[in-house]
Amino acid sequence: SHPVSPTTTHTDALSMELPSCLHAGATPKWKLNTALVTVGNATSGSVLQSLSSDCINCTWKSVCSITPARTAALIDSLYPTELRILHNGGSSCQINASLHSTGEYTLDATSCFLGTVAEGDDTIWASLMAVFGLLVLITSHDFYLHFKSGWWSAQEDHDEYYFGNVPRHRSSRRLLSVSVFRGLCVCMMAFANSDGGGLAQFQHSTWDGITVADLIFPAFLFCAGLSSQIAMAHQTSTKIAWSRLLNRVFFLCIIGIFVVNKGSDWHTIRIMGVLQRLALCQLIVYPIQVKVNQPQTLLRITRKLRRFPSETSEENPDEYDVIEGEEPTNDQVIEPVIEGEYATYVSHYFGEWFSIGLVYWVTLFIAIATSALTFFIRIPGCPVGYSGPGGVGDQGEFANCTGGLFGWVDRWVLGNHIYTGAPVKSVYDALDIDPEGIMGTFNSAILVAAGVLAGQILRWYPYRCEQYTRLIVYATLHLLVGIVTSKLIVPANKQLWTISFSFITAGISMYIYFVCRLAVDHVKTKIKLRALAYVGENALLIYMLQEAFAHRLPYEFVVGPSSISRVLLSLWTVLFSIAFGFALRHYDIRFKL
């Protein structure tokens, strides 16, 4: 791949790498998710073309020119593909093909018959293996502990995570669900970064749409906001610690730059990345978060509510939660400011939207203002409001407009220091675009703000039914708003981090955390997903390990192109991450910035 500057034309980008056919009888160099198609009975000078179902409203792409010596080609088999052969006279043979990885096929140019020589891999078994393998990895330690000590033992767990040993930090009760959720994000990131087992749902979406892989980083941002809010339980000052904040942002950006750059060419070093995006989002959200953190401000217009009930006055104390070191108080009643017959009703259901949710509203306003610029600023050679893939998309009409304003800003500001491996580049023959780009940062801050909102709900509403009701309602609202926005305004797009993508992923992340909260914090069960909690305790360090050892022993090694082998390799990377989490937990090492 080569970086493309803002002034580079689409024709120049296409000329950088031209596909070609294989020599007759040559042994193909198999790649993941490719199939071999041999063309028969084609006249010399015919052209084999393909059109992937993942390429929406695209022009046909020429794979190669057919000659007597070159009659076979490797075709991408990740998605169903249309194949056609153009003869010299202009007539064509066209067929829909669902090819399997490493499969071998013959295409008769006269009859348009697609024959199967070798079936290749069926991804159904690979998908089942991936699901089963992940479940085994994240639950095996729970089963081991309880089989070792007696599954039906009545012994209760007593440490900070209820792990059955002496707590290291008695003064601070940590939420197991937060660590499990964070560990889940890191383990799924490990699986997806190792080619996702070659499975389509673990590949990032080419352009519009959302896959499982697209949910991982947004969920990590959501968890960052959730953790930061819970960690502020003892902080009552509204003074922003700028030095600490800027130090964290600086070190995250520096570490992120070294993590995403494996080479030594400083002329094309990538500037943006996952940790850089995380740092910038926290730079946006944290100052607002501190300003509204004072308890008197948060509780000013909420309903009549005791923050935490007396331990002796309630018949069922299990209905309440004391979050992250908060001490129970006996303050009986906090009167609402709103007067009138509907004061309690309004503040009960909507109070947090005006006080606790202030962080969310300010962040949302910034994101909407940034997204609105797309509909007012014209990019040279592109229509106002365009957010398509460019390249061969839209029938090639806007070839040099990849990403609209968002993509243009990235290419103009970052220049050669932009990400060059986006899926849209290979599928659409588009220009470069950075999925962790500059303007998308403001939209992704919505995920952090949504996590802050969830953390505030856990802190200020001690009744579990209140927590669960709000998490479900707000998750549903985010999801509905995101779906409506994606249908009417701008599609959900991971490469651009559109505002509809942020809403949808925020809703899904909140649903996932709701399940974690219910399953491991409250439900009386032996399965607490401790392996994920170990990883979640040092999520940043383990993520850095994944990136540093990518494509290197012992974390990753060369395997064949078959789906089964790729799934096994991806599961191995998850196992390696969990093992490292166990080692850090054993030596009581916690890496934080």
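Everything below is about the structure printed above this text.
Residues numbered from 1 in each chain as written. Predicted model: local features only at pLDDT ≥ 70, side-chain atom pairs only at ≥ 80, totals over all residues. Heavy atoms only, no water.

Turning our attention to the pairing of strand S7 (residues 92-97). Of the two faces of S7, the one lined by Cys 93, Ile 95 and Ala 97 is fully buried and the one lined by Ser 92, Gln 94 and Asn 96 carries no buried residue. Sheet analysis places strand S6 (residues 81-86) next to S7, joined by six bridges and oriented antiparallel. Paired with Glu 82 across the two strands is Asn 96, which belongs to S7. (Buried < 20%, exposed > 50% of the residue type's maximum accessible area, 1.4 Å probe, protein only. Helix = DSSP H or I, 4+ residues; strand = E, 2+ residues; numbered from the N terminus. Pairing = 2+ DSSP bridges.)

Before going further, it helps to examine the nonpolar core. The biggest cluster of nonpolar side chains holds 100 residues, and the ones touching the most others in it are Val 180, Phe 181, Phe 222, Leu 226, Tyr 513 and Val 574. The contacts of Val 180, once residues within four sequence positions are left out, are Cys 516, Val 520, Lys 528, Leu 529, Leu 532 and Ala 533. Listed in part, the 22 residues of the second largest apolar core include Trp 207, Val 392, Ala 422 and Met 439. (Core = buried A, V, L, I, M, F, W, Y, C linked by side-chain atoms within 4.5 Å. Contact = heavy atoms within 4.5 Å.)

Moving on, we come to the pattern of salt bridges. The tally for this structure, following the rule as stated, stands at ten salt bridges. For the salt bridge of Asp 432 with Lys 425, the shortest nitrogen-to-oxygen distance reads 3.0 Å. For Asp 432, a relative accessible area of 1% corresponds to the buried category. Residue Glu 436 pairs with Lys 494 through a salt bridge whose shortest N-O separation is 3.7 Å. Placement of the pair is Glu 436 in the loop between helix H11 (423-428) and helix H12 (440-460) and Lys 494 in the loop between helix H13 (464-488) and helix H14 (499-522), with a sequence separation of 58 residues. Connected via shared salt-bridge partners are Arg 270, Asp 434, Glu 436 and Lys 494. (Salt bridge = Lys/Arg side-chain N within 4 Å of Asp/Glu carboxyl O.)

Bringing the packing of helix H16 (residues 539-548) against helix H17 (residues 563-586) into the picture now. Their axes nearest at 10 Å, the elements H16 and H17 cross at an angle of 140°. As far as their axial angle goes, H17 and H16 are oblique. Seen along the crossing, H16 lies across H17 with a hand that is right-handed. Of H17, the residues touching H16 (which contributes Leu 541, Ile 542, Leu 545 and Gln 546) are Phe 576, Ser 577, Phe 580, Gly 581 and Leu 584. In terms of residue class, the contact of H16 with H17 is made up of six nonpolar, three polar and no charged. (Axes fitted to C-alpha atoms, helices over the stretch in contact; angles between N-to-C directions. Parallel < 35°, antiparallel > 145°, perpendicular 65-115°, else oblique. Left-handed = near helix turned anticlockwise from the far one by under 90°. Nonpolar A, V, L, I, M, F, W, Y, C, P; charged D, E, K, R; others polar.)

Here we come to the side chain of Ser 177. Summarising the element assignment, Ser 177 is placed in helix H3 (residues 176-193). The class of Ser 177 is buried, set by a relative accessible area of 0%. For Ser 177, the side chain forms a polar contact with the side chain of Tyr 513, separated by 2.9 Å. At a separation of 2.5 Å, a polar atom in the side chain of Ser 177 contacts the side chain of Asp 521. The residues touching Ser 177, leaving out its near neighbours within four places in the chain, are Tyr 513, Cys 516, Arg 517, Val 520 and Asp 521. (Polar contact = N/O pair within 3.5 Å; in protein donor to acceptor, adjacent residues only side chain to side chain.)

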